[in-house]
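Topology and contacts: notes
Each chain is listed here by its residues.
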Amino acid sequence: MEQRKSKTLTLCERIEVLKKLKTGQSQASIAREYGVNPSQISRILKREHQLLGDWRSNRNPQRKRKRAGKAEEVEEALLRWFSQVRSRQFPVSGPLLMEKAGQLAGCLGLNDFKATVGWLERWKRRNNITFKKQHGERQDADDSGAENWVVSVLPSILNEYAPRDIFNADETGLYWRAIPDGTLAFKQATPTGSKASKERLTILLCCNMDGGEKLEPLVIGKSKQPRCFKNVKQLPVSYRANANSWMTGDLWKQWLKDLNTRMRAQKRPILLLCDNSAAHNAPARLSHVKLVFLPPNTTSLIQPLDQGIIANFKAHYRALLLRRLMGLMDGQTGDNKRAIELARSLSLLDSLHLQKEAWNRVTQATIIKCYRRARFFKDAGRDQTDAAMASVAADIPAGVSNEQFQRYVAVDCSIQTAGDSTDVELCACKQATATDEASDQMSSEALIQQPPATFATALEGLSTIRAYLENTGCQSYERFYRLADLIYETQRHRSVQRTITDYFKKAKYQRLY
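Source: prediction; values computed, not measured. (Residues numbered from 1 in each chain as written. Predicted model: local features only at pLDDT ≥ 70, side-chain atom pairs only at ≥ 80, totals over all residues. Heavy atoms only, no water.)

1. Things to note about the confidence of the model for the protein
Keep this limit in mind: pLDDT measures the predictor's confidence residue by residue and takes values from 0 up to 100. Pairs of residues are marked as contacts when any of their non-hydrogen atoms sit within 4.5 Å.
Averaged over all residues, the pLDDT of the protein is 77; the fraction at 70 or higher stands at 72%. Confidence drops under pLDDT 50 across residues 385-392; counting only partners more than four residues distant or on other chains, this segment forms 16 contacts.

In structure tokens, the structure reads:
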């Protein structure tokens, strides 16, 4: 009897085997099809989780054996550093990688390690890394890596999860008090050379593929307890703080744990796509959230939030901010403040409400179109009209051209949202964390101390609003009635229930004494 030759399947073939096993094919029939021993198919099934992780992390699809290099710890640390610097569009060469590998080895105490050209080539093959000369505006985008992920990895994700259970999360920076250059939106104001406001926040946005679920934004600021939060028991969004207003490993872990708890309560396993930022390290165990990291330098091509969802959110925020500032200008009675001065009067709490409203205004149709542009649907295309639609869908104030508004929306598109890991943290498999100490609050907020609003002042406000609507010829009061119902309902829940006779008893007691 002829002895069967030993054959080892590549990573790509092993993924195909897993797909065939899921369709119900027997291990014996698959072994005959690939010409291998049935025991190899059994081992592939046992290592399903590890193989899928390697496949989704863009490992070399033609690799047959997972051979570790002469210093596996150095290789893993170098891979994390490489992903980190390429996400920042930093050019990387072979000599630079070899020098960095030597530094990481020293940090790990491996003084005998020496990075050679041969070692570097094997490291690149194991991690599916190629060096190409980059040209043009999209020099940071890896088109081949994006194409390989879309063709090889994305189909397995779409087959395993329903669209409602596929989520994408990403951070963006926001200059929350910024106004357009030259105060172009405010005809009442005189343009000056005032420096644009650079007070910043980092916002984590997350939504699912069918557009039916937008998670509550996570906003990261500098001040842990701003003065404007005094007497506020419930913020419109989730808020955290650190010294740099950055996403950190600790904040990311806590957000993931909260999301996992929510999905476990719903008995709903989901898949979460995110980039390989330095802060995006995951807890050891997530029972109902499976993390999948996009390949380095591909987010501008295949991350749905980068295809127009974030731009649409910012467009709505900028439009709402301009509407508010123009309203303040129209309501000025004596002192004609400049637009930048009115912008400084905007509190962080005001901004959080505007962010919440802007996120609510991002439509399901916009989200679906952006997922389609990222090629998550079979009829996907690279039509640029989807991105253009997403960034101009907001109500642009009168007097602002589309080009001017687009420039205004993109004023903070390049803000850094996370810190880089140090060599020690790279070697320890830990991500950089920022201090949670509260910094000084913005100058204008430190001067604002408003007394807490009461039920009585809320009723006075309702009377003022109704009088304004009556004087301007309002055609429908339905929204006003809903606002009044909300105020009365809120008061009813926070106070002891009384009857009308209680008030008559009180009046009688006062007359007697």
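2. Some remarks on the sheet that holds strand 6 (residues 289-293)
As a reminder, the rule being used: The rule for pairing is simple: two strands pair if DSSP sees at least two bridges between them. Secondary structure elements are defined from DSSP: runs of H or I of at least 4 residues count as helices, runs of E of at least 2 residues count as strands, and each element is numbered from the N terminus. Only C-alpha atoms enter the line fits that serve as axes; for helices the fit covers just the stretch in contact. Angles between N-to-C directions range over 0 to 180 degrees.
As summarised here, the arrangement of the six strands in space is 4-3-2-1-5-6, forming an open sheet in which the pairing is mixed. Among the strands making up the open sheet, the edge pair consists of strand 4 (238-241) and strand 6. Across this sheet, the average inter-strand angle for adjacent strands is 25°, counted without regard to direction. The pairing of strand 2 (residues 200-208) with strand 3 (residues 218-221) spans three bridges and is antiparallel. Paired with isoleucine 203 across the strands is valine 219, a residue of strand 3. Lying over the sheet, helix 8 (residues 143-160) contacts strand 1 (166-175), strand 5 (270-274) and strand 6, oriented at roughly 170° with respect to strand 6.

3. Considering a nonpolar patch on the surface
Threshold: In this scheme, patches are assembled from residues that exceed 30% relative accessible area and form no salt bridge. Like charges are connected within 9 Å, while nonpolar side chains (Val, Leu, Ile, Met, Phe, Trp, Tyr) are connected within 5 Å. In short, Shrake-Rupley with a 1.4 Å probe defines the accessible areas, and a residue's cover is counted only from the protein chains shown. One side-chain nitrogen of Lys or Arg within 4 Å of one carboxyl oxygen of Asp or Glu is enough to make a salt bridge.
Together, Ile465, Leu483 and Leu486 make up an exposed nonpolar region whose accessible area comes to about 250 Å². Residue placement: leucine 483 occurs in helix 20 (residues 478-494).

4. Brief notes about unusual backbone geometry
The criterion, for reference: Relative accessibility thresholds used throughout: buried, under 20% of the residue-type maximum; exposed, over 50%; partly exposed, between the two (1.4 Å probe, protein chains only).
Residues other than glycine seldom take positive phi values, yet lysine 267 does so here, at roughly 55°. Inspection of the secondary structure assignment puts lysine 267 in the loop between helix 9 (249-266) and strand 5. Of note in the backbone geometry, arginine 375 takes a positive phi value of approximately 70° without being a glycine. Following the sequence through the fold, arginine 375 ends up in the loop between helix 14 (364-373) and helix 15 (385-392). We classify arginine 375 as partly exposed; its relative accessible area is 28%.

5. Some points on the pairing of strand 2
With nine of nine residues buried, strand 2 is to be regarded as a mostly interior element. Both faces of strand 2 are covered, namely the face carrying Arg200, Thr202, Leu204, Cys206 and Asn208 and the face carrying Leu201, Ile203, Leu205 and Cys207. The sheet contact formed by strand 1 and strand 2 spans nine bridges and is antiparallel. By the bridge assignment for strand 2, tyrosine 175 is matched with arginine 200.

6. A few points about the environment of alanine 169
Mapped onto the elements of the fold, alanine 169 is located in strand 1. Classification of alanine 169 as buried rests on a relative accessible area of 0%. Taking the C-alpha atoms as reference points, alanine 169 and cysteine 206, separated by 37 residues in sequence, lie 4.2 Å from one another. Residues contacting alanine 169, with those up to four places away along its chain left out, are Leu204, Leu205, Cys206, Trp255, Leu272, Leu273, Cys274, Gln303 and Leu305.

7. What to know about helix 3 (residues 38-46)
Under the convention used in this document: As used here, the arc is the angular range of directions from the helix axis to the C-beta atoms. Contacts described as polar in this section are N or O atom pairs within 3.5 Å, which, within protein, must combine one atom able to donate a hydrogen with one able to accept it, while residues neighboring in sequence count only if both atoms come from side chains.
Of the residues making up helix 3, those classed as buried are Gln40, Ile41 and Ile44. The arc enclosing the buried residues of helix 3, seen along the axis, measures out at 100°, which places them on a common side. Looking at where helix 3 begins, the residue whose side-chain oxygen comes 3.0 Å from the main-chain nitrogen of serine 39 is asparagine 37.

8. A look at the nonpolar core
Note the cut-off: By nonpolar core we mean a set of buried residues, namely Ala, Val, Leu, Ile, Met, Phe, Trp, Tyr and Cys, connected to one another through side-chain atoms within 4.5 Å.
Trp149, Leu273, Ile309 and Phe376 are the most contacted members of the largest nonpolar core, which totals 62 residues. Sequence-distant contacts of isoleucine 309, defined by excluding residues within four places in its chain, comprise Cys207, Pro304, Trp359, Val362, Ile367, Cys370 and Tyr371.

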